[in-house]
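# Analysis of the macromolecular model
Now for the letters of each chain:
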Amino acid sequence: MSDSSWLVCHTRPRCEKKFAALLTREKFEHYLPLIASVRRYAVQTKRFTKPLFPGYVFAQVPAEKKPRIYQQELLARALLVEDEAKFLRQLDDVRAIVASGFELSLMPLMTKGRRVRIIAGPLRGLEGLIDNPANPRGIVISVDVLQQGLHVKLSVDNLRILS
């Protein structure tokens, strides 16, 4: 498949597994990283697998067969991977992490200067900037009038990245 390109396929909500099944039927190489999940209800416990990256499946599709991935309206859009070598290295890393069996969860990428909103606690609703991405446990709330900032230590669980 030398004329094939890797695509990041953004599926419609909760269609990742159906879309992966379509890719299997069409014999397109693809990867849908799944993780184990447990839900506890009053009288029972349910175990199931869910996508690590909700809404995304990675696929290698020949250019002339690309219309086939849209046949069941499971796909919102497919984005071409620009740097395939880097993408494939990162995909190998994801495969290794998922296969390791370690507990994992998806975290937003915290970078210095990224705007965030506090979503829980007494400071809920305030906005600030990530100060130190190596330890994103704090944000800086700016006080523009004084040209000063207040560094507040918070759990990353209490922060939501703003676009």
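See above for the structure.
These figures come from a predicted structure and were not determined experimentally. (Residues numbered from 1 in each chain as written. Predicted model: local features only at pLDDT ≥ 70, side-chain atom pairs only at ≥ 80, totals over all residues. Heavy atoms only, no water.)

The next subject is the side chain of threonine 11. The residue threonine 11 is located in strand S1 (residues 4-11) in this model. Threonine 11 sits in the buried class, given a relative accessible area of 3%. Excluding anything up to four places from it in sequence, threonine 11 contacts Glu16, Phe19, Gly55, Tyr56, Val57, Leu74, Leu75 and Ala76. (Helix = DSSP H or I, 4+ residues; strand = E, 2+ residues; numbered from the N terminus. Buried < 20%, exposed > 50% of the residue type's maximum accessible area, 1.4 Å probe, protein only. Contact = heavy atoms within 4.5 Å.)

Moving on to the packing of aromatic side chains. Inspection of every chain in the model, using the stated rule, returns three aromatic pairs. When the centroid spacing of 5.7 Å and the interplanar angle of 50° are considered together, the rings of tryptophan 6 and phenylalanine 87 count as tilted. Of this pair, tryptophan 6 sits in strand S1 while phenylalanine 87 sits in helix H2 (residues 84-100), placing them 81 residues apart in sequence. Each ring, one from phenylalanine 53 and one from phenylalanine 58, has its centre 6.1 Å from the other, and the planes form 75°; the classification is edge-to-face. Under the relative-accessibility criterion, phenylalanine 53 is labelled partly exposed at 24%. Here the aromatic residues Trp6, Phe53, Phe58 and Phe87 are joined through ring pairs into a cluster of three or more. Looking at arginine 95, its charged tip hangs above the ring of tyrosine 31, at a distance of 4.3 Å from the centre. (Phe/Tyr/Trp six-rings, centres within 6.5 Å; stacked < 30°, edge-to-face > 60°. Lys NZ or Arg CZ within 6 Å of the ring centre and 35° of its normal.)

A few words now on the nonpolar core. Ranked by internal contacts, the top residues of the largest apolar core, which has 16 residues, are Cys9, Phe19, Leu23 and Ile69. Counting residues per element, the ones that place at least two in this core are S1, helix H1 (16-25), strand S5 (56-62) and strand S6 (75-80). By residue number, the principal contributor to this core is H1, which donates four residues. Contacts of cysteine 9, omitting those with residues within four sequence positions, involve Phe19, Gly55, Tyr56, Val57, Ala59, Leu75, Arg77 and Ala78. In this structure, Leu52, Phe58, Leu91 and Val94 belong to the second largest nonpolar core, which totals 10 residues. (Core = buried A, V, L, I, M, F, W, Y, C linked by side-chain atoms within 4.5 Å.)

Time to look at the environment of glutamate 73. As for its position among the elements, glutamate 73 is in the loop between S5 and S6. Among the residues examined, glutamate 73 registers a relative accessible area of 61% and is labelled exposed. Put simply, glutamate 73 and cysteine 15 are 58 residues apart on the chain and 9.6 Å apart in space, counted from C-alpha to C-alpha.

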